[in-house]
Structure formats: C-alpha cells, structure tokens
Amino acid sequence: VVTRDDVEESLKGVWQYVKDEEQLLKDLRSQIEETEQRFSVKQAERDYWLEYKNVGSKIQANKIMNLEKDIKQVKDDHHRATEYYRNALKATKEENDRLVEMHMKLCKEQAPENAIRYLDKNSRREIKENEWLKEEIKVYQKEVSDLKASIQLLEEENISLVAKLIDSRLRNLRV
C-alpha cells in the first residue's frame, strides 16, 4: 500500500532530482560557454601567431633588413661628412696660417715705416742718409766689380803680350 505521503515524497524526490539535473545542465552549459570562449580566444591567438609566422615575421625581417641598410647608410654618410669636415678644417687652418703669415710679413714691412713716422727730424734725416749711403755703396760695389773685371782682362792681355814679347826675344836670340 502506497500512501499519499509516500507519493508526495517520491514526487518531491523526483522533482528535486529533476531540479538538480536542470541545475547541473545549466552549470554544464555555462562551463561549455566558458570553454568555447576560452577556445575562441586561444583560436584567435593561434591564428594571430600563425599569421605572424607566415606573414608578420617576414614583414619584421624586411623591416629589420631595411633598418640595417638605413644604419649602414647613416654610418657611410657620417663617415663622408666627417672626412669632408676634416678636409675643410685642414684647408681652413692652412688658409688661416697663410693669411696670418701674409699679415705678419706685411706688418714687418710696414713696421720700419711706422717707426720712422714717430722719430724726430734728425733721426729721420740720418735714416734717409743711411739709405742713400747704402744705395751709393751698391753703385760703388758694382763699379768696383766692373773695374776688377776690366783689370783682370787687362792683366790677361798684358800677360799674353809679355809672353809674346818673351817668345819673340827668344826667337831673336836663336837667330
């Protein structure tokens, strides 16, 4: 004999069982959704890395090669610019040295004139007389060298004449 309480209790047990099963199904569905979301995230990550492996790494490799070329070109440009500026600096130093040398030479040439301007009249007259005497000495030295040359020619001519005279006397003595 089954009583109403037994049936109700049995129905409560079945109802509780169905409720538990429904809750279990809900939990399983939520776990499936979470798993699918994680799977889609992992699938997207896998697709990204496959894309990177197939395409992106080549692009990155090309970028690296281009950057290395750029670095090499910058180094070459730097080297050329360094050489250019080194040569320009050297040329500028040489030009400056030449200009300083010219200026010093000009200053040395103008120094006596500038010094003469500040001297008194007697000193200036002495300097002018000294310069005139130097020019006269040059003229006299030229005349002396000309005279020495003439004397040497005359001496040579005299020696040849004396030699001829002695030769002619020797011939006369033999005769």
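About the criteria used
- Residues numbered from 1 in each chain as written.
- Predicted model: local features only at pLDDT ≥ 70, side-chain atom pairs only at ≥ 80, totals over all residues.
- Heavy atoms only, no water.
- Salt bridge = Lys/Arg side-chain N within 4 Å of Asp/Glu carboxyl O.
- Buried < 20%, exposed > 50% of the residue type's maximum accessible area, 1.4 Å probe, protein only.
- Helix = DSSP H or I, 4+ residues; strand = E, 2+ residues; numbered from the N terminus.
- UniProt positions renumbered as here; feature names shortened; annotations may be inferred.
- Phe/Tyr/Trp six-rings, centres within 6.5 Å; stacked < 30°, edge-to-face > 60°.

(A) Quick peek at the pattern of salt bridges. A complete count under the given rule lists 8 salt bridges for this structure. As a salt-bridge pair, Asp-47 and Arg-46 come within 3.7 Å of each other at their nearest N and O atoms. Relative accessible area serves as the criterion here: at 39%, Asp-47 is assigned to the partly exposed category. For Arg-46, a relative accessible area of 47% puts it in the partly exposed group. For Arg-86, the salt bridge goes to Glu-83, with nearest N and O atoms at 2.7 Å. Of this pair, Arg-86 and Glu-83 both sit in helix 1 (residues 4-117), 3 residues apart, which is roughly one turn of that helix. Residue class for Glu-83 comes out partly exposed when judged on its relative accessible area of 30%.

(B) Expanded view of the environment of Ser-123. Within the secondary structure, Ser-123 is located in helix 2 (residues 121-174). A sequence separation of 42 residues divides Ser-123 from Leu-165, and the C-alpha atoms of the two residues are 61 Å apart.

(C) Just the UniProt feature "coiled-coil region" (unreviewed entry) in the chain, in detail. Here the UniProt-annotated "coiled-coil region" (unreviewed entry) positions come out as residues 18-77 and 130-164. The span residues 18-77 carries 100% helix and 0% strand; its end-to-end C-alpha distance comes to 82 Å. What you have in residues 130-164 is 100% helix and 0% strand, and the ends, taken at the C-alpha atoms, are 50 Å apart.

(D) Fine view of the packing of aromatic side chains. Applying the stated criterion across every chain, the model contains 3 aromatic pairs. Ring geometry for Tyr-48 and Trp-49: centres 5.1 Å apart, planes at 75°, overall edge-to-face. The exposure class of Trp-49 is partly exposed, given its relative accessible area of 48%. Geometrically, the ring pair formed by Trp-49 and Tyr-52 is edge-to-face, given 5.8 Å between the ring centres and 85° between the ring planes. Taken together, the positions of Trp-49 and Tyr-52, both in helix 1 and 3 residues apart, correspond to about one turn of that helix. For Tyr-52, a relative accessible area of 33% puts it in the partly exposed group. Through successive ring pairs, a cluster of aromatic residues spans Tyr-48, Trp-49 and Tyr-52.

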